Amino acid sequence: MSLRLFLDCADPQAWRQWLPSGLFRGITTNPTLLLRAGQPCTLERLEQLTGDALALGAQELHLQAWGSDLVACGRALAALAPGRIWVKLPITRTGAAAARTLIAEGHAITFTACYEPAQVLLAAALGAEYIAPYLGRIGDLGRDGHGELVRMQRCVAGVGSPLRLLVASLRSPNDLARLAAEGLDTFTISPAIAEALFAVEPTEAAAAQFERDALGG
């Protein structure tokens, strides 16, 4: 597997800033991120946003289904850009039932709100392509988030599943580096974390020195 980075954001302005960089495979979002970005959670608006993201070079969009009929919503989301949409569903009994139907119809699924290592086995058994564990929120519960994510990855490897852990709720660039060193390779990060990855003071100082030296000191 190769490294995959996604931008966890529903702000088109941030998409315009970061997607052309070539760093990100695509976008992940959900109703909470839409609300924070001042975007209505409607199929009509998501259709417009999907067009914007694809025009900026996104290969994948992971969009959260909502409402009383997750199957119908999932179908509608997938139809916004066939082959480019991953329908996000919570790893609950209701979400799993919807996923079974959608996967049987050929739709790609990303499970969300993963907190326990055993939940990745449910996603693997159902044939989902991704599951998103919430690193920071696991830590907020007083648990070892990094250790739990490593256990999840070992579960996936242990059963030989192609399921990818789409690590979410990262709080710092160090989270990314620590988990990558343990073999995790798929992450969704906020624009703030993307900025922080480049905000390395000694690197910026060295680059400034190069420029001064190029002009003769």
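Here is a short report on the structure shown in this document. (Residues numbered from 1 in each chain as written. Predicted model: local features only at pLDDT ≥ 70, side-chain atom pairs only at ≥ 80, totals over all residues. Heavy atoms only, no water.)

**Some points on the state of the cysteines**
On inspection of all chains with the given rule, the structure shows zero disulfides. With no disulfide of its own, Cys114 lies 9.7 Å from the sulfur of Cys155, the closest cysteine sulfur. (Disulfide = S-S within 2.5 Å.)

**Side note on the pattern of salt bridges**
All chains considered together, the criterion is met by eight salt bridges. For Arg4, the salt bridge goes to Glu60, with nearest N and O atoms at 3.7 Å. Placement of Arg4 in strand β1 (residues 4-8) and of Glu60 in strand β3 (residues 60-64) is noted, with a sequence separation of 56 residues between them. For Glu60, a relative accessible area of 3% corresponds to the buried category. Across the pair Arg164 and Asp185 runs a salt bridge, and its minimum N-O distance is 3.2 Å. In this pair, Arg164 is assigned in strand β7 (residues 164-165) and Asp185 in the loop between α9 (173-181) and β8 (186-189), connecting sequence segments 21 residues apart. The pair formed by Arg164 and Asp185 is uniform in burial state, with each residue classed as buried. Salt bridges here are not isolated pairs; linked through shared partners, they connect Glu116, Arg143, Glu148 and Arg151. (Salt bridge = Lys/Arg side-chain N within 4 Å of Asp/Glu carboxyl O. Helix = DSSP H or I, 4+ residues; strand = E, 2+ residues; numbered from the N terminus. Buried < 20%, exposed > 50% of the residue type's maximum accessible area, 1.4 Å probe, protein only.)

**Notes on the packing of aromatic side chains**
Tallied over the entire structure, the rule returns five aromatic pairs. Among the aromatic side chains, those forming a connected cluster through ring pairs are Phe6, Trp86 and Tyr130. (Phe/Tyr/Trp six-rings, centres within 6.5 Å; stacked < 30°, edge-to-face > 60°.)

**Quick word on the nonpolar core**
Leu89, Phe111, Ile131 and Phe187 are the most contacted members of the largest nonpolar core, which totals 56 residues. If one sorts the elements of this core by residue count, helix α4 (residues 70-78) sits on top with five residues. Those residues in contact with Ile131 that lie beyond four places of it in its chain are Ile91, Phe111, Cys114, Gln119, Val120, Ala123, Leu163, Arg164, Leu165 and Leu166. Counting six residues, the second largest nonpolar core, distinct from the first, contains Phe6, Trp86, Ala108 and Leu166. (Core = buried A, V, L, I, M, F, W, Y, C linked by side-chain atoms within 4.5 Å. Contact = heavy atoms within 4.5 Å.)

**A short note on the sheet that holds β3**
With parallel pairing, the eight strands of this open sheet are ordered in space as β7-β6-β5-β4-β3-β2-β1-β8. The sheet terminates laterally at β7 and β8, the two strands that pair on one side only. Summarising the sheet, strand β5 (residues 108-114) and strand β6 (residues 130-133) pair through three bridges and their orientation is parallel. Across the sheet, the residue bridging to Cys114 is Pro133, located in β6. Helix-sheet contacts for α4 involve β3 and β4 (85-90), and the interaxial angle to β4 is about 160 degrees. (Pairing = 2+ DSSP bridges. Axes fitted to C-alpha atoms, helices over the stretch in contact; angles between N-to-C directions.)

**Details of helix α11 (residues 201-214)**
Between its first and last C-alpha atoms α11 spans 20 Å; for 14 residues at 1.5 Å apiece the expected length is 20 Å, and the two agree. Remark: Gly216 follows α11 within two positions and exhibits a positive phi of approximately 95 degrees. (Expected span 1.5 Å × (residues − 1).)

**Details of the side chain of Thr186**
Assignment of secondary structure puts Thr186 in strand β8. At a separation of 2.7 Å, a polar atom in the side chain of Thr186 contacts the side chain of Arg164. (Polar contact = N/O pair within 3.5 Å; in protein donor to acceptor, adjacent residues only side chain to side chain.)

Keep in mind these values describe shape, not function.
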